[in-house]
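Chains, contacts and geometry: an overview
What follows is the residue order along each chain.
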Amino acid sequence: MPDLSPIARNLETIRANIAQAAGAAGRDPSGITLVAVSKTHPKQAVLEAMAAGLFVFGENRVQEAAEKFPIAGARLHIIGGLQTNKAEQAVRLADAIDSLDRPRLADAIAKAAEAAGRLPDLLVQVNIGDEPQKSGIPTAEADAFIRAMRARFGEALKGLMCIPPAEQDPAPHFRRLAAMADMHGLPVRSMGMSSDYAAAIAAGATHIRIGTAIFGHR
Ligand SMILES: *Cc1c(COP(=O)(O)O)cnc(C)c1O
């Protein structure tokens with residue numbers, strides 16, 4: 001047996017934690033997609049992660065993502081707040097945009113999709129703690145916005161994404177996002193990061209977005 005790379009070792013730990021959290025919740029771990037957040041790490045780190053068996057990646061800046069992707073066999077999610085003027089590049093590059101959070105961005109994505117002849121999967125980002133500094137649609141506007149995005153993008157709208165407030169217990173926020181997704185009949189709930197993915201899995205996460213625990217500190 002060759003020595004495992006640090007990324008492969010980290011991944012073993014995370015997979016064990018996912019299996020444990022899923023088991024405790026009576027869930028099948030195969031229903032949980034690990035999105036490896038490679039922001040700030042070089043393309044070489046992405047290639048090492050692929051060698052360790054990871055194929056779904058998250059980047060929060062389109063410009064940086066374009067320096068590493070596309071990579072054959074890798075799926076790319078844009079997970080960060082997206083400027084309208086970056087929508088065109090994001091639509092061409094990404095398999096999924098997880099941060100759809102306002103009507104003007106929806107307009108830009110629709111226009112770019114028309115021009116590019118492709119539409120990535122879309123998630124609505126909900127500002128689940130209604131924090132003024134955070135991106136995401138405010139919770140009071142979320143239901144109407146989700147309905148409008150469903151009407152506009154149809155099956156491409158897969159689900160919801162959130163980042164709970166840093167200083168609070170994330171569990172109630174995760175449960176609230178999952179309930180919102182259920183209410184709208186949306187299958188994807190992207191929630192949980194390095195520090196709180198077990199709680200997210202307990203609350204029904206289908207996608208967890210993990211950077212630090214895979215790649216180390218940024
Ligand atoms: C950076 C980032 C993550 C990963 O955070 P870690 O704590 O490093 O796991 C997840 N989601 C989003 C939206 C991010 O920007």
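Summary of the structure given here. The shown structure was predicted, so the numbers you read here are calculated from the model rather than taken from an experiment.

What to know about the overall build of the protein chain
Across its full length, the protein chain carries nine helices and nine strands. Taking 2.2 N^0.38 as the reference for a compact globule, 218 residues should give roughly 17 Å; the C-alpha atoms of the protein chain span a radius of gyration of 17 Å, in line with that estimate. Within the protein chain, the proportion of its 218 residues that are buried is 50%. For the protein chain, restricting intrachain contacts to residue pairs at least 6 apart in sequence, the fraction spanning at least 24 positions comes to 53%. About 10200 Å² of surface is accessible on the protein chain, with carbon and sulfur atoms providing 52% of the total. For the protein chain, the distance from the average position of its 24 positive side-chain charges to the average position of its 23 negative side-chain charges is 3 Å.

As for helix α7 (residues 171-183)
The end-to-end C-alpha distance of α7 is 18 Å, a good match for the 18 Å that 13 residues give at a rise of 1.5 Å each. Here α7 has its buried residues at A171, H173, F174, L177, A178, M180 and A181. The secondary structure elements touched by the buried residues of α7 are β5 (121-127), α6 (139-153), β7 (157-161), β8 (188-190) and α8 (197-202). Following α7 by one or two positions, G185 has its phi on the positive side, about 65 degrees.

Some thoughts on the packing of helix α5 (residues 103-116) against α6
Here α5 crosses α6 at 10 degrees, and the two axes come no closer than 12 Å. Judged on the interaxial angle alone, α6 and α5 are roughly parallel. In this structure, α5 uses P103, A106, D107, I109 and A110 to contact α6, whose residues at the interface are F145, M149, R152 and F153. For the contact of α5 with α6, the class distribution of residues is seven nonpolar, no polar and two charged.

So, the nonpolar core
F57, L100 and V124 are the most contacted members of the largest nonpolar core, which totals 66 residues. The residues touching V124, leaving out its near neighbours within four places in the chain, are D98, L100, I137, F145, I146, M149, L157, G159, L160 and M161.

Examining helix α1 (residues 6-24)
In a regular helix each residue adds 1.5 Å, so 19 residues correspond to 27 Å; α1 covers 27 Å between its end C-alpha atoms and thus fits that length. Taken together, the buried positions of α1 are occupied by I7, A8, L11, I14, I18, A21 and A22. Projection of α1 onto a plane perpendicular to its axis shows the buried side chains occupying an angular sector of 140 degrees, all on one side. Turned more than 90 degrees away from the buried face of α1, the exposed residues are E12, Q20 and A24. Contact partners of the buried residues in α1: β1 (33-37), α2 (43-51), α8, β9 (207-210) and α9 (212-215). Positive phi shows up at G26, right after α1, with a value of about 65 degrees.

Side note on the packing of α6 against α7
Between α6 and α7, the shortest axis-to-axis distance is 11 Å and the interhelical angle comes to 25 degrees. The angle between the axes of α6 and α7 places the two elements in the roughly parallel class. Judged by the sense of rotation from one axis to the other, the crossing of α6 with α7 is right-handed. The segment α6 lies against α7, with T139, A142, D143 and I146 engaging R176, M180 and M183. Here the residues of the contact of α6 with α7 are counted per class, giving four nonpolar, one polar and two charged.

Cut-offs applied
Residues numbered from 1 in each chain as written. Predicted model: local features only at pLDDT ≥ 70, side-chain atom pairs only at ≥ 80, totals over all residues. Heavy atoms only, no water. Helix = DSSP H or I, 4+ residues; strand = E, 2+ residues; numbered from the N terminus. Rg over C-alpha atoms; globule rule 2.2 N^0.38 Å. Buried < 20%, exposed > 50% of the residue type's maximum accessible area, 1.4 Å probe, protein only. Contact = heavy atoms within 4.5 Å. Areas by Shrake-Rupley, 256 points an atom, 1.4 Å probe, with all protein chains shown as cover. Lys, Arg positive; Asp, Glu negative; His and termini not counted. Charge placed at Lys NZ, Arg CZ, Asp CG, Glu CD. Expected span 1.5 Å × (residues − 1). Axes fitted to C-alpha atoms, helices over the stretch in contact; angles between N-to-C directions. Parallel < 35°, antiparallel > 145°, perpendicular 65-115°, else oblique. Nonpolar A, V, L, I, M, F, W, Y, C, P; charged D, E, K, R; others polar. Core = buried A, V, L, I, M, F, W, Y, C linked by side-chain atoms within 4.5 Å. Arc of directions from axis to C-beta. Left-handed = near helix turned anticlockwise from the far one by under 90°.

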